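Examination of the molecular architecture
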Amino acid sequence: MSREVRPRRRELKTYLYIAPAVIFVFCFCILSIIFTLFISFTNWSGLGSFEFVGFSNYIAVFQDKNFLLSCINTLVWVAAGLIIPVVLPLLFAIAITKSSFATIFKNLFYFPNAVSGVIVGLIMTSLLSMYGLPQLLGMLGFENLDKNWLNIPYVNTGVMIVAGIWQGIGMNMLLFIIGLVNMPTEPIEAAKIEGATGFGLYTKIILPLLKPTIIVVVLMSLVNSFKTFDGIWIMTGGGPYRTSETLAVTMYKESFSNNHLGMGSAIAIMLSVIILVISIFYLRKTFTKEGGA
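Calculation notes
- Residues numbered from 1 in each chain as written.
- Predicted model: local features only at pLDDT ≥ 70, side-chain atom pairs only at ≥ 80, totals over all residues.
- Heavy atoms only, no water.
- Salt bridge = Lys/Arg side-chain N within 4 Å of Asp/Glu carboxyl O.
- Helix = DSSP H or I, 4+ residues; strand = E, 2+ residues; numbered from the N terminus.
- Buried < 20%, exposed > 50% of the residue type's maximum accessible area, 1.4 Å probe, protein only.
- Phe/Tyr/Trp six-rings, centres within 6.5 Å; stacked < 30°, edge-to-face > 60°.
- Core = buried A, V, L, I, M, F, W, Y, C linked by side-chain atoms within 4.5 Å.
- Contact = heavy atoms within 4.5 Å.
- UniProt positions renumbered as here; feature names shortened; annotations may be inferred.
- Axes fitted to C-alpha atoms, helices over the stretch in contact; angles between N-to-C directions.
- Parallel < 35°, antiparallel > 145°, perpendicular 65-115°, else oblique.
- Left-handed = near helix turned anticlockwise from the far one by under 90°.
- Patch = residues over 30% accessible without salt bridge, like charges linked within 9 Å, V, L, I, M, F, W, Y side chains within 5 Å.
- Areas by Shrake-Rupley, 256 points an atom, 1.4 Å probe, with all protein chains shown as cover.
- Expected span 1.5 Å × (residues − 1).
- Bend = angle between axes of the 7 residues up to and from the residue.

1. What to know about the pattern of salt bridges
Inspection of every chain in the model, using the stated rule, returns 3 salt bridges. With a closest N to O distance of 3.7 Å, Arg242 and Glu254 form a salt bridge. With Arg242 in the loop between helix H11 (230-235) and helix H12 (247-257) and Glu254 in helix H12, this residue pair connects regions lying 12 residues apart in the sequence. You can call Glu254 buried: its relative accessible area is 4%. The partner of Lys253 in a salt bridge is Glu245, and the shortest N-O contact between them spans 3.3 Å.

Here it is as C-alpha cells:
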C-alpha cells in the first residue's frame, strides 16, 4: 500500500465520524429552514396543495394589529431580559463567589433553570390564581390585589417576565461565577498594589476581564427573550384577547391554531432574521471595539 493512500483513508475516516452530525444538521435544520421559507410564500393549511401567493403573507402580517402588539410585547421582554437577567446574576455571582455557602446558593438559584418552562408556568399559574398569592394578600388587607393577575392585560406580561427571569437567572449566575473563578489574578493583584479597591477595582479591572462572559450572557438573554413561548402559552395562552402574545406565540397560533401555516412561517422567518441581524450587529460591534482598544 502506497504512502499516499493511507493519509487519504485517514481523511475518509475523519469525514465518516462527522457524517452523522452533518446529515442530522442538514435534514433537521437546513432543510427545515428552506421548507419554512418556501411555505411563507404560500397559502397552505397543512393539507392539500400549495397555493403560491408571493409576499402576501408578509404584507398581511404587518397589517395585523395583533402582530404589532406582539412586537411591542416582545420588545418589552427583550428590554427586561437584557437588564435584569444580566445585572442581577452578576451581582449575585460577585457576592457568593468567595462565600462559604456558595454551593448552597448555587443550587438554590440554579434549581428553577433545571425545571422546564412548562413546569414553571404551571407553578406560577397555581401561585397567582384566585386561591393563591392574590387571596393571601386579600386576607392581609390588600383587597385590591385579590384578583387573578394573569387575567389582567399588560399586568400579566410583567408577571410572566418575573417568572421567566426567576427561571433563567441561575444559568447566567453560574456563567459569571465560572468567569470570575477562571479570571487571571495577576492584573487584579497589580491593581490592588496600585491602590484600586471596591467599586473602582470592579469597574476598571474585573468587569473588563469578565467581558467575554458578559458577551455570552447578553447574547443568550437576547435570543431567549425573542423566542419566549412555553411559559406564556401555559400561563395565559397569549390572552386575554391576545394582549400578552409575543412573536413566538403569534407564530404558533397562526400556524397550528388558525391553520395559517403560510403566515406563521412568514413570522418565523422574520423572527429568525431579526435575531440573526441583531446577533451579528452586536458581535461585530463588540469585537470591533475590543480590537480597536
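2. Things to note about the packing of aromatic side chains
Ring pairs (aromatic) are described by centroid distance and by the angle formed between their planes. This model, assessed by the stated rule, comprises 13 aromatic pairs. An angle of 85 degrees between the planes, with centres 6.4 Å apart, marks the rings of Phe35 and Phe50 as edge-to-face. Pair noted here: Phe35 is in helix H1 (residues 5-39) and Phe50 is in the loop between H1 and helix H2 (56-63), with a separation of 15 residues, a long-range link. What makes Phe35 partly exposed here is its relative accessible area of 40%. Consider the rings of Phe62 and Phe67, whose centres lie 5.5 Å apart with planes at 80 degrees: the pair is edge-to-face. The class for Phe67 is buried, based on a relative accessible area of 6%. Taken together, the aromatic side chains of Phe35, Phe38, Trp44 and Phe50 make up a single cluster linked through ring pairs.

3. Quick word on the nonpolar core
Met124, Leu128, Leu150, Met160 and Met235 are the most contacted members of the largest nonpolar core, which totals 17 residues. Elements that contribute at least two residues to this core include exactly helix H3 (65-96), helix H5 (117-127), helix H7 (155-181) and H11. When residues in this core are grouped by element, the largest group, 5 residues, is from H7. If near-sequence neighbours (up to four positions away) are discounted, Met160 is found in contact with Trp77, Leu150, Ile232, Met235, Thr236 and Ser244. Judged by nonpolar contacts, the second largest core, of 16 residues, contains Ile96, Phe176, Ile188 and Leu201.

4. Here's the deal with the UniProt feature "transmembrane region" (unreviewed entry) in the protein chain
Those places that UniProt annotates as "transmembrane region" (unreviewed entry) correspond, in this numbering, to residues 15-41, 75-96, 108-133, 153-181, 201-223 and 261-283. Regarding residues 201-223, the helix share stands at 96% and the strand share at 0%, and the terminal C-alpha atoms are separated by 31 Å.

5. Looking at the packing of H5 against H7
It is at 11 Å that the axes of H5 and H7 come closest, and there the two elements cross at 135 degrees. Looking at the two axes, H5 sits oblique to H7. Here H5 and H7 pass one another in a crossing that is right-handed. When H5 is examined against H7, the residues Gly117, Val120 and Met124 are found in contact with a partner set consisting of Ala163, Trp166 and Gln167.

6. Here's the deal with a nonpolar patch on the surface
Taken together, the side chains of Phe24, Val25, Phe26, Phe28, Ile30, Leu31 and Ile34 present a nonpolar region at the surface, about 680 Å² in accessible area. Topologically, Ile30 is positioned in helix H1. Residue class for Ile30 comes out partly exposed when judged on its relative accessible area of 38%.

7. Details of H7
For H7, which comprises 27 residues, the first-to-last C-alpha distance of 39 Å matches the rise-based estimate of 39 Å (1.5 Å per residue) to within 8%. The largest bend along H7 reaches roughly 40 degrees and is located at Gly168.

8. Focus: unusual backbone geometry
The omega angle of the peptide bond from Gly239 to Pro240 is -5 degrees, so this bond is cis rather than trans. Tracing the backbone shows Pro240 in the loop between H11 and H12. Positive phi, normally seen in glycine, also occurs at Tyr154, with a value near 75 degrees. Its location among the elements puts Tyr154 in the loop between helix H6 (133-139) and H7. Of note, Arg242 is a non-glycine position whose phi angle comes to about 65 degrees, a positive value.

9. Concerning the side chain of Thr213
Along the chain, Thr213 turns up in helix H10 (residues 211-226). A relative accessible area of 17% places Thr213 in the buried class. Sequence-distant contacts of Thr213, defined by excluding residues within four places in its chain, comprise Leu175, Phe176 and Gly179.

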